[in-house]
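Understanding the architecture of this molecule
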Amino acid sequence: MRQNIEVDALARVEGEGALYIRLKDGEINDIQVNIYEPPRFFEGFLQGRYYQEVPDITARICGICPVAYQMSSVQALEAALNITISPEVRALRRLLYCAEYIESHALHIYMLQAPDLLGHDSALSLAKVAPDVVRQALRLKKIGNSLLRVVGGRSVLPWITQTFRWTMSLSP
Amino acid sequence: MSKPKVAVYKFSSCDGCQLSILNLEDELLDLAGAVEIAFFLEATRRVLPGPYDIGLVEGSISTPHEAERIQEIRHQVRFLIALGTCATSGGIQALRNFTQVDDLAVIVYEHPDYLHVLDTSTPISQHVKVDLELWGCPVNKYQVLECVAALLQNRTPYLPTHSVCLDCKRRGTVCVMVANGTLCLGPATRTGCGALCPASGRGCYGCFGPAPGAEYATTAHLLQSKEHYPGEAVHLMRNFAGYAPQFREAVDALVGGSENEPAL
Ligand code: SF4
Ligand code: SF4
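Residues numbered from 1 in each chain as written. Chains lettered and ligands numbered in written order. Predicted model: local features only at pLDDT ≥ 70, side-chain atom pairs only at ≥ 80, totals over all residues. Heavy atoms only, no water.

Turning our attention to a nonpolar patch on the surface. Residue and element names in this part refer to chain A. On the surface, Tyr 101, Ile 102, Ile 109, Tyr 110, Val 133, Leu 140 and Ile 143 cluster together into a nonpolar patch covering about 590 Å² of accessible area. Broken down by secondary-structure element, the contributors of at least two residues to the nonpolar patch are helix H4 (87-117) and helix H6 (131-152). Looking at which element gives the most residues to the nonpolar patch, the answer is H4, with four residues. Along the chain, Ile 102 turns up in helix H4. (Patch = residues over 30% accessible without salt bridge, like charges linked within 9 Å, V, L, I, M, F, W, Y side chains within 5 Å. Areas by Shrake-Rupley, 256 points an atom, 1.4 Å probe, with all protein chains shown as cover. Salt bridge = Lys/Arg side-chain N within 4 Å of Asp/Glu carboxyl O. Helix = DSSP H or I, 4+ residues; strand = E, 2+ residues; numbered from the N terminus.)

If you want it as structure tokens, here you go:
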């Protein structure tokens, strides 16, 4: 009977990690997850930066879900500075966020997770047996990216547009 | 002839540049048909044994383990491409290079002693020979495609190196600096994005790194003369590509050379 399952580098995850499962008499005895993603110290080097610069920087915490980091930093700044945004800006932000949901969920479901559930190595190998499904998934992902581009300028790390514009016009 | 083997690696990074490859929705399946994706953990768990013909390396070197791993990878890869501004300059996490990493660590972690990190975050080229550098935070996915296509066709990839300003002129964007007094690093920044930020009315913050041959110090002084708050110009250059030597020297020219800290 297999005693150990060791995965030194997990595939198709957002980031990096390793997984070790030790079995004993067919039962799980010990599980270890190692997230070895290197620290990058954002909270540290953000100190001393002007608030205008913050959303661009926090976006780089994760290129797969940058809007989440832009949005949370911008909301934290607004709360700290007691700024109320207009309903139009709120709606635009929601649109930007929805665009990221669409893109990121399509990525996660079809390209990262589905291959595991269907016993495949990747969406690319899946495409050999179910090309139409994979093409449809890629189309869905592209719709999210197109929306990200329209509202945010580009699909990965959408740069701050009108949705965060107060950061440009307010003087410190 | 067997298909060329491509490997994609991640170091200290945000995943955005790898995602740019997966965002080639219209081209991805054709690309996967033209090359053998031999190692790309973000996309597939299938790992083919090396050596590999093309290696795309995302991220900077910021831990002792990464410094070792990049040496192993260099032995495995025939043509190594540094993918994105982290890999070409050290990235945003290279802001630690201007201060003490231990001082940053105590701000973020309760047990900084558990960390295994280097004092600096450095570009791939500081550790191994790099055959091609592809700038951008994130990279332009079509530039990635162009590089791979050029290698397959045995030609030099078309990667222009002019500044962002020229792209503004081409697309008819009114200069944000001249018209609105908005600080813009475009004159010193490498093309590749198509002048995205000025086209939406904001200044460039240099995410494609220094444009070869640009007037860095002159740009820095010009920016400083238009600042809205003290230190704005320094912060603009000490950012995503802040550890690139050209931006470093331009900041040194502004703060007097001896200082390392930006004027806060
Ligand atoms: S260069 Fe920018 S987009 Fe690419 S991995 Fe680094 S932080 Fe992310
Ligand atoms: S204009 Fe500058 S900051 Fe904006 S995407 Fe282009 S290179 Fe990056």
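Before going further, it helps to examine the layout of surface pockets. A volume near 980 Å³ is recorded for the largest pocket. Forming the boundary of the largest pocket are 43 residues, of which Glu16(A), Ile35(A), Tyr36(A), Glu37(A) and Pro38(A) lie nearest the centre. Counting only elements with at least two residues in the lining of the largest pocket, the list comes to strand S2 (18-24) and helix H1 (42-45) of chain A together with strand S1 (5-10) and helix H3 (64-76) of chain B. Along the lines of polarity and charge, the residues of the lining of the largest pocket split into 24 nonpolar, eight polar and 11 charged. (1 Å grid on protein atoms, 1.4 Å probe; cavity = no way out; pocket = protein on both sides within 12 Å on 5 of 7 lines; lining within 4 Å. Points joined across faces, edges and corners; volume = space filled by probe spheres on them. Nonpolar A, V, L, I, M, F, W, Y, C, P; charged D, E, K, R; others polar.)

All names here are of chain B. Strand order in the open sheet formed by five strands is S2-S1-S3-S4-S5, with parallel pairing between adjacent strands. Looking at the sheet topology across the chains shown, the edges are occupied by strand S2 (36-40) and strand S5 (132-134). Within the sheet, the average angular offset between the axes of one strand and its neighbour, ignoring direction, is 20°. Where H3 meets the sheet, it contacts S1, strand S3 (52-58) and strand S4 (77-83), and its direction lies at approximately 130° from that of S4. (Pairing = 2+ DSSP bridges. Axes fitted to C-alpha atoms, helices over the stretch in contact; angles between N-to-C directions. Contact = heavy atoms within 4.5 Å.)

What follows is about the interface of chain A and chain B. Accessible area lost on assembly of the parts is the figure often given for the size of an interface. Facing the 59 residues of chain A at the interface are 55 residues of chain B. Taken together, the two surfaces of chain A and chain B that pack against each other cover about 5000 Å², and 62% of this comes from carbon and sulfur. The interface formed by chain A and chain B includes six salt bridges. Among the elements of the structure, H1, helix H2 (54-59), H4, helix H5 (123-129) and H6 of chain A are those that each provide at least two residues to the side of chain A that touches chain B. Considering every element that reaches the side of chain A that touches chain B, the biggest residue donor is H6(A), with six residues. The class makeup of the residues in the side of chain A that touches chain B is 28 nonpolar, 13 polar and 18 charged. (Buried area = accessible area lost by both parts, 1.4 Å probe.)

To continue, consider the sheet that holds strand S3 (residues 27-34) of chain A. Hydrogen bonds along the backbone pair up the strands of a sheet, which may run parallel or antiparallel. All names here are of chain A. The antiparallel open sheet is built from three strands, whose spatial order is S1-S2-S3. Two strands close off the open sheet at either side, each with one partner strand: strand S1 (4-7) and S3. Here the average twist between neighbouring strands, direction ignored, is 10°. In this structure, S2 lies alongside S3, joined through seven bridges in antiparallel fashion. Along S3, the bridge assignment pairs Tyr 20 with Gln 32.

The next thing to look at is the site of ligand 2. All residues in the neighbourhood of ligand 2 are listed as Arg154(A), Thr189(B), Cys193(B), Cys197(B), Pro198(B), Cys204(B), Tyr205(B), Gly206(B), Cys207(B) and Phe208(B). Mapping the residues adjacent to ligand 2 onto the chains of the assembly identifies chains A and B. (Near = heavy atom within 4 Å.)

Along its sequence, chain A is organised into domain 1 (2-36) and domain 2 (43-170). Each of domain 1 of chain A and domain 2 of chain A has a C-alpha centre, and the two are 29 Å apart. (Domains from an automatic or database assignment.)

This brings us to the site of ligand 1. Residues and elements named next belong to chain B. Taken together, 14 residues sit near ligand 1, with Cys 14, Cys 17, Thr 85, Cys 86 and Cys 137 positioned nearest. Broken down by secondary-structure element, the contributors of at least two residues to the shell around ligand 1 are helix H1 (16-22) and helix H4 (85-89). A class-by-class count of the residues in the shell around ligand 1 yields six nonpolar, five polar and three charged.

Our focus in this paragraph is the pairing of S3(B). All names here are of chain B. The buried fraction of S3 is high, at six of seven residues. Two strands pair when backbone bridges link them, and S1 and S3 are joined in this way by five bridges, in the parallel orientation. If you follow Val 6 over to S3, its bridge partner there is Ile 54. Between the parallel pair S3 and S4, the chain is carried across by H3, and the sense of this crossover is right-handed. (Buried < 20%, exposed > 50% of the residue type's maximum accessible area, 1.4 Å probe, protein only. Right-handed = clockwise from strand over helix to strand, strands pointing away.)

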